[in-house]
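Structural description and commentary
Listed here are the chains, written in short residue letters.
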Amino acid sequence: MKMKIFKSKNWKVFFVSLAFIWLQAGSVFAQQIRVVATWPALADITRQIGKELVNVDSLATGVEDPHGVPMKPSFVPRLNRADVLVLIGLEDEHSWLPALLDVANNPKILLGRPGYIDCSVGIPVLEAPTLVDRSEGDLHPKGNPHYLLDPVRAKIVAQNIAAGLSRNFPQHQAVFEKNLKAYLTELDTWIARWEKMAAPLKGVKFVEYHPEWIYLADRFGMKRIGSVELKPGIEPTPNHIVQLVQDIKQDKAQLLIYGAQNPRVPQQIASETGIKVIRLYSGGGNQPETDSYIKWIDYTVRTLVQAVS
Amino acid sequence: MNLSRESAWAMSASLLVGTLMVFPRIGLAQESVTDMLKRQIADMQEQLKKALERIEQLEKEKSATSGKIDQLETATTARLGEVEKSVQAVQSAPTALNPAMGLVLDANVQNTKAGGNFDFRSAELGIAASVDPFARMYSFINGTSSGVEVDEAAAITTSLPWNLTAKGGRFLADFGRFPKYHIHELPFVNQPLSIQRMVGGETQADGVETNYLFPTPFFLRATVGGMNKIGEDNDRVSNIIPRAWSRMTYLSRLNTYVDVTDNQSVELGTSIATTPSVRRVGFPSGGGYRMLNGVDLTYRYQPLGSAVYQGLTWGSEFYTNSERMPFETDEGSFSKRQRTYGGYSYIEAKLNKNWSAGFQVDYAPVLDSPGHRTMSYTPFLTWYLSEFNRLRLEYYYLQNNFRGADKAETGNQVFLQWTTVIGAHTHGFLTR
């Protein structure tokens, strides 16, 4: 029996040797700052600020349900090698990221450490619950985390990322600040353009599947009249759908927005009310038209405007 | 007439001269108006230029002001956010250092060959928090109808170098896939019988364990550990009596994972738990050894865009147990070398966000009675009212190849399980 135990060491030696080869290979790329972002939009903003100094990787692809990203072990090596982690915060990633960090063996990017760049710092948060109780659904106790859909708040995100990168790599602070300034100027130009473009959205009443669109609605003057979900994260009951259909008819809502959710219920509601159903993702990055933050918001605003025109 | 004509010419000439003397500039009138108009146009152009410059200046001032307003707005909103966070921090300060806590209730109603039963299976209290910058700690205290027990209480390092993590205390050892799940976390009501018989239920162990994450581009993780024994219900070995180091159980595991596509993945693990020298409870003189091997393979289909609504998991585990163990028979006790095999395979499909269904097949040998085994076939249906509230219906058909099996492990069985969670709820990596 002991012989067999010793034999089983052979393949362990093989794997250890393989690991060291990979380790050596990894050092070739050690010049760039390795950034892992949770969502593609954050990855893009980080690239705009870090430019050639950073090598940014996004864990989610953008098509996932914001609260249902599969906890893939393939994320673990990426987190293990990261110099910094850029995340949404406000418990947006609570269902998958903390468990991955537990096994990633990378103290640099743990909560509270310099490499943990929480982009929600300083964000004026909407819908912070007054009653934190699961009878209200799968709540985010610190407020709605889908603030990236507001391009003005994205300026704070960019500032947080620049500050986070500078905190970890002060030798490049001047470069980060210069790139930040240029990116903020570009964002300002786009924001002015979007505000003009989104004029037809002002006052438009809409329904969303999950409470994801409040920041964008708040920015461009849209009015939410309800959600398909009974409570955040809770699928609708038949009674809730009946009530929602009545509300849509009464308030003359024009749009129903859903993303990574099942289209069955939105289509059912559309057939009963005639409301226009559009699919827009609250993550960005999932198609060529949305592969940068600016392109994603531009695509989103244009799609909404076309839907109400 | 001639005179008068001359007079007329003279008068005309005089008038012309007089007029020219009185209004000397009339002769140049056409030129003067053009100049005047030119001057006026030049003046107007100058004024227009000044006006345009002024407008441009005003626009610049306006854009500079609006830029300042934007900056002020951004700074103000950022400051407001910080203030809000500070207020929240102050409000939560009295409870900030309390550990996260959650309670899981697992109850079911069942009908087996032994009869019906409302089975209060467990109320499991989970507590977790950071200890300091170097470690965190968690515990699961389990109350069942037979008493209260510390199911797990372990400290885990968070800052070891070289990709190492160490764990110590009482924990579910990293053997196999489902053996280290708390029973209420399984996709079925009951733990497969092969795990109960071959591993000894959940892999509860008192000892230490170290994990190493290989610095490879793909996930590859190794575990080694040493413990008194493995298996919460493994009564063959004592958990409390001091023993020689050769009588400890030593664990090793290698676990890897590959994304076949964005939507499909395969996970493979191999585990060995070896006890070089076994002193079986009740056999003070008899000795032996034991080696338990496990291989687990899991295929997952998780379409990224609809992973909450769709998915398929096929999981299998196969165990071999090699041992020489003292046995009690009618003719006395003796040691016998034997090898047994067992395992299970299941498939589960996510039908939508709330419903999933599956089927499990299990082959479970009886370690102390070589040749005896139980086959079971289990369809199951799960309804998730929410992430924290679940009902599960399970039919269990058990077929033994020997007589005298326990009624709880025979024939047709039906279970209706209700599992609910309150408080802090974290999704562990090992039980994902």
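Calculation criteria
Counting restarts for each chain, with residues numbered from 1 along the sequence as it is written. Written order determines the labels here, with chains lettered from A and ligands numbered from 1. This being a predicted model, a pLDDT of at least 70 is required before a residue's local features are given, and a value of 80 or more before pairs of side-chain atoms are given or counted; all residues contribute to the totals for chains, interfaces and linings. Water and hydrogen atoms were dropped before computing side-chain values, which therefore reflect all heavy atoms in the structure. Per the convention used, a helix needs a DSSP run of H or I reaching at least four residues, while a strand needs a run of E reaching at least two, with both numbered from the N terminus. The rule is simple: take the accessible area with a 1.4 Å probe, protein chains only, and divide by the maximum for that residue type; under 20% is buried, over 50% is exposed, in between is partly exposed. Here, two residues are considered to be in contact whenever any of their heavy atoms come within 4.5 Å of each other. To estimate how far a helix should reach, multiply one less than its number of residues by 1.5 Å. The arc refers to the directions leading from the helix axis to the C-beta atoms. Between the rings of Phe, Tyr and Trp (Trp by its six-membered ring), a pair exists once the centres lie within 6.5 Å; its type follows the angle of the planes, with under 30 degrees stacked, over 60 edge-to-face, and the other angles tilted. Consider the ring centre and the ring normal. A charge sits over the ring if Lys NZ or Arg CZ is within 6 Å of that centre and within 35 degrees of that normal. Side-chain atoms within 4.5 Å link the members of a nonpolar core, which is a set of buried Ala, Val, Leu, Ile, Met, Phe, Trp, Tyr and Cys residues. Strand pairing follows a simple DSSP-based rule, namely that at least 2 bridges must link the two strands. For every element, the axis is a line fit to its C-alpha atoms; helices are fit only across the contacting stretch, and the angle between N-to-C directions ranges from 0 to 180 degrees. For classification purposes, angles smaller than 35 degrees are called roughly parallel, those larger than 145 roughly antiparallel, those between 65 and 115 roughly perpendicular, and all remaining angles oblique. Basically, the charged four are Asp, Glu, Lys and Arg, the nonpolar ten are Ala, Val, Leu, Ile, Met, Phe, Trp, Tyr, Cys and Pro, and anything else, Gly included, counts as polar. Salt bridge, as applied in this entry: a Lys or Arg side-chain nitrogen positioned within 4 Å of an Asp or Glu carboxyl oxygen. The quantity known as pLDDT measures the predictor's confidence residue by residue, on a range of 0 to 100. Using protein atoms alone on a 1 Å grid, points that fit a 1.4 Å probe yet trap it form a cavity, whereas open point sets bounded by protein on both sides within 12 Å along at least five of seven lines form a pocket; residues with an atom within 4 Å of a point count as lining. Grid points are joined across faces, edges and corners, and a volume is the space filled by probe spheres set on the points.

Here the focus is the overall build of chain B. Scanning chain B from terminus to terminus reveals three helices and 16 strands. Going through the 432 residues of chain B one by one, you find that 40% of them count as buried. Contacts in chain B between residues at least 24 apart in sequence constitute 55% of all its contacts with a sequence separation of at least 6.

All names here are of chain A. With 14 residues, helix α8 (residues 238-251) ought to run about 20 Å at 1.5 Å a step, and its terminal C-alpha atoms sit 20 Å apart, in line with that. Among the residues of α8, those classed as buried are H240, I241, L244, V245 and I248. Taken end-on, α8 shows its buried residues confined to a sector of 140°, consistent with a single buried face. Those residues of α8 that are exposed and angled more than 90 degrees off the buried face are N239, K249 and Q250. Where α8 is buried, its residues contact β5 (205-208), β6 (223-227) and α9 (264-273). Downstream of α8 by a residue or two, K252 has a phi angle that is positive, lying close to 55°.

In the structure shown here, the tally under the stated rule is 18 aromatic pairs over all chains. Relative to B:Y346, the ring of B:F188 lies with its centre 5.2 Å away and its plane at 85°, an arrangement referred to as edge-to-face. Of this pair, B:F188 sits in the loop between β5 (164-172) and α3 (193-198) while B:Y346 sits in strand β12 (residues 332-350), placing them 158 residues apart in sequence. Like B:Y346, B:F188 is buried. Directly above the aromatic system of A:W190 lies the positively charged group of A:R193, at a separation of 4.3 Å from the ring centroid. Cation over ring: B:K350 sits above B:Y384, and NZ or CZ is 5.6 Å from the ring centre.

Attention shifts here to the nonpolar core. Counting residues in hydrophobic clusters, the biggest one holds 89 residues, and the most contacted among them are A:L79, A:L148 and A:Y293. Among the elements that make up this core, the one with the highest residue count is helix α10 (residues 293-308) of chain A (nine residues). Other than its neighbours up to four places away in sequence, A:L148 contacts A:A41, A:L42, A:I45, A:I88, A:V157, A:Y293, A:W296 and A:I297. Ranked by size, the runner-up nonpolar core spans 24 residues in total, among them B:L186, B:I230, B:A273 and B:Y346.

All names here are of chain A. If you trace the four strands from one edge of the open sheet to the other, you get β2-β1-β3-β4, paired in parallel fashion. Strands at the two margins of the open sheet, each flanked by one partner only, are β2 (54-58) and β4 (116-118). Strand-to-strand, the axes of this sheet are offset by a mean angle of 25°, without reference to chain direction. The strands touched by helix α5 (residues 151-168) within the sheet are β1 (33-37), β3 (84-87) and β4, with β4 carrying the most contacts at an inclination of about 160°.

All names here are of chain A. It is at 7 Å that the axes of helix α2 (residues 40-50) and helix α6 (residues 173-197) come closest, and there the two elements cross at 120°. One finds that α2 runs oblique with respect to α6. When α2 is examined against α6, the residues D44, I45, Q48, I49 and G50 are found in contact with a partner set consisting of V175, F176, N179, L180 and Y183. Of the residues belonging to the contact of α2 with α6, the class tally is six nonpolar, three polar and one charged.

Our focus in this paragraph is the pairing of strand β15 (residues 389-400) of chain B. Each regular strand displays side chains that alternate between the two surfaces of the sheet. All names here are of chain B. By the alternation rule, side chains of β15 split into R390, R392, E394, Y396, L398 and N400, which are all buried, and N389, L391, L393, Y395, Y397 and Q399, of which none is buried. Examined bridge by bridge, strand β14 (residues 373-386) and β15 share 10 bridges and lie antiparallel to one another. Counterpart to S386 in the pairing with β15 is N389. Hairpin connection between β14 and β15: a loop of two residues separates the two successive antiparallel strands. Where β15 lies against strand β16 (residues 411-423), 10 bridges are found, and the strand directions are antiparallel. Bridging from a neighbouring strand, R392 pairs with Q417 of β16.

Attention now moves to the pattern of salt bridges. Residue and element names in this part refer to chain B. One pass over the full model with this rule turns up 27 salt bridges over all chains. The closest approach of N and O atoms between R300 and E267, which form a salt bridge, is 3.0 Å. Placement of the pair is R300 in strand β10 (residues 288-301) and E267 in strand β9 (residues 264-278), with a sequence separation of 33 residues. Each of the two residues, R300 as well as E267, counts as buried. Here the salt bridges share partners, and the residues they tie into one network are R236, R280, R290, E323 and D368.

Residue and element names in this part refer to chain A. α10 packs onto α2 with a crossing angle of 130° between their chain directions and a minimal axis gap of 8 Å. Taken as axis vectors, α2 and α10 run oblique relative to one another. Residues A41, D44 and I45 of α2 lie in contact with α10, whose contacting residues are Y293, I294 and W296. Classifying every residue of the contact of α2 with α10 by side-chain character gives five nonpolar, no polar and one charged.

The next subject is the confidence of the model for chain B. Residue and element names in this part refer to chain B. The predicted model of chain B averages 85 in pLDDT, with 82% of residues at 70 or higher. Put simply, helix α1 (residues 2-22) is where chain B has its lowest mean pLDDT, 56, and strand β13 (residues 355-365) is where it has its highest, 97. In this model, residues 22-30 is a region of pLDDT below 50 whose contacts with residues beyond four sequence positions or in other chains number two contacts. Among the scores for the predicted complex, ipTM is 0.81 and pTM is 0.80.

Moving on to empty space enclosed by the protein. Residues and elements named next belong to chain B. Scanning the model with the defined rule gives five cavities of 30 Å³ or more in all. Roughly 160 Å³ of internal volume is contained in the largest cavity. For the largest cavity, the lining is made up of 17 residues, of which I230, N234, T249, T275 and R290 are closest to its centre. Sorting the residues of the lining of the largest cavity by element identifies β9 and β10 as the ones contributing at least two each. The biggest single contributor to the lining of the largest cavity is β9, with four residues. A class-by-class count of the residues in the lining of the largest cavity yields eight nonpolar, five polar and four charged. As a volume, the second largest cavity reaches approximately 110 Å³. Taken together, the residues of the lining of the second largest cavity break down into eight nonpolar, three polar and one charged.

Tracing the sequence through the fold places B:D262 in the loop between β8 (249-259) and β9. What makes B:D262 exposed here is its relative accessible area of 52%.

Residue and element names in this part refer to chain B. Direction of pairing for strand β1 (residues 100-112) relative to strand β2 (residues 115-132): antiparallel, over a ladder of 13 bridges. Counted as the bridge partner of N111 is G116 from β2. A loop of two residues connects β1 with β2, the two strands running antiparallel in sequence. Looking at chain direction, β1 and β16 are connected through 10 bridges and run antiparallel.

With that out of the way, let us pick up the environment of B:W245. Tracing the sequence through the fold places B:W245 in the loop between β7 (219-227) and β8. We classify B:W245 as exposed; its relative accessible area is 66%.

Once that is clear, we can look at the sheet that holds β5(A). Residue and element names in this part refer to chain A. Taken together, four strands build an open sheet; the order of strands is β6-β5-β7-β8 and the sheet is parallel. Both edges of this open sheet fall to β6 and β8 (276-279), since each of them pairs with a single strand only. Neighbour-to-neighbour, the strand axes of this sheet turn through a mean angle of 30°, independent of strand direction. Both β5 and β6 contribute to a ladder of four bridges, which runs parallel. What sits directly across from V207, in β6, is G226. Against the sheet, α8 makes contact with β5 and β6, and its axis sits at roughly 160° relative to β6, the strand it touches most.

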